[in-house]
Amino acid sequence: EKEEASTSATETKKTIANLDMDESTALNMELSRNIMGALMDDNVDVDDLMAKYEEELIRVSKALGNSTFPSKQKMLNFLEYIRINGMYENIDMRNFFMPQTVAAISQSGINIALLGKGVCASQARFLRDLLLTSGEEAITKKVYFIDEDGIIEDQHLVTYACSSNNGTNFFLDPTWYNGTIN
């Protein structure tokens, strides 16, 4: 059964069944909940975890991304918030009984939002979700590092945002605290 999700960030509707985790629709909350529910052991309250994440998104967005700030300032505020309150940390999954569970959470915005640490995917997704919560358009995308022989050496997740003030597109990288205007 397909379920429709829509958001102010997109004009077209997509079904959750067809979503890539990096597309922006309804903060991917339902999709994230389904993945975590499948991975988490029975002692974890997934609803409580998602509620805490949503509360953090709303708390930070009200303070740093409310309607008194222009679009670009919201982006800068959120980048600065992640830079000051978060750190890059790759979790060694060999130390955990359920490595898939740890991997799912470490790649989500939950890790950086609630624990203050996370890899590039966690930071980019938290930035995307903050922007969406504050009424801006944003998606996350993978970028690839390719060597001179055309071999992919590494990949990285970043956030693309579009200013609601003037339609300017931004490439934002909270992990390296940089970005560009297109």
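You'll find the structure just up there.
Conventions used here
Residues numbered from 1 in each chain as written. Predicted model: local features only at pLDDT ≥ 70, side-chain atom pairs only at ≥ 80, totals over all residues. Heavy atoms only, no water. Helix = DSSP H or I, 4+ residues; strand = E, 2+ residues; numbered from the N terminus. Buried < 20%, exposed > 50% of the residue type's maximum accessible area, 1.4 Å probe, protein only. Contact = heavy atoms within 4.5 Å. Areas by Shrake-Rupley, 256 points an atom, 1.4 Å probe, with all protein chains shown as cover. Expected span 1.5 Å × (residues − 1). Arc of directions from axis to C-beta. Phe/Tyr/Trp six-rings, centres within 6.5 Å; stacked < 30°, edge-to-face > 60°. Lys NZ or Arg CZ within 6 Å of the ring centre and 35° of its normal.

The next point concerns the overall build of the protein. On a plain count of helices and strands, the protein comes out with six helices and eight strands. Reading the secondary structure of the protein in the N-to-C direction produces β-β-α-α-α-β-α-α-β-α-β-β-β-β. By residue count, 44% of the 182 residues in the protein fall in the buried class. In the protein, the share of contacts with a sequence separation of at least 24, taken over all contacts with a separation of at least 6, comes to 47%. Accessible area for the protein stands at about 10,300 Å²; split by element, carbon and sulfur atoms hold 50% of it.

Attention now goes to helix α2 (residues 46-64). Across its 19 residues, α2 extends 27 Å between first and last C-alpha, which sits within 8% of the 27 Å expected from 1.5 Å per residue. Of the positions making up α2, those classed as buried are V46, L49, M50, Y53, E56, L57, V60 and S61. Buried residues along α2 cover an arc of 125 degrees about the axis, so they all sit on one side. Away from its buried face, by an angle of more than 90 degrees, α2 presents the exposed residues E55 and K62.

Counted by the stated rule, this structure contains three aromatic pairs. Arranged with centres 6.2 Å apart and planes meeting at 45 degrees, the rings of Y53 and F126 form a pair that is tilted. Of this pair, Y53 sits in helix α2 while F126 sits in helix α6 (residues 120-133), placing them 73 residues apart in sequence. For the pair shown, Y53 and F126 are each scored as buried. An aromatic cluster is defined as three or more aromatic residues linked by ring pairs; in this entry it consists of Y53, Y81 and F126. For the cation-ring pair, R83 lies above Y177, with the distance from its terminal atom to the ring centre recorded as 5.2 Å.

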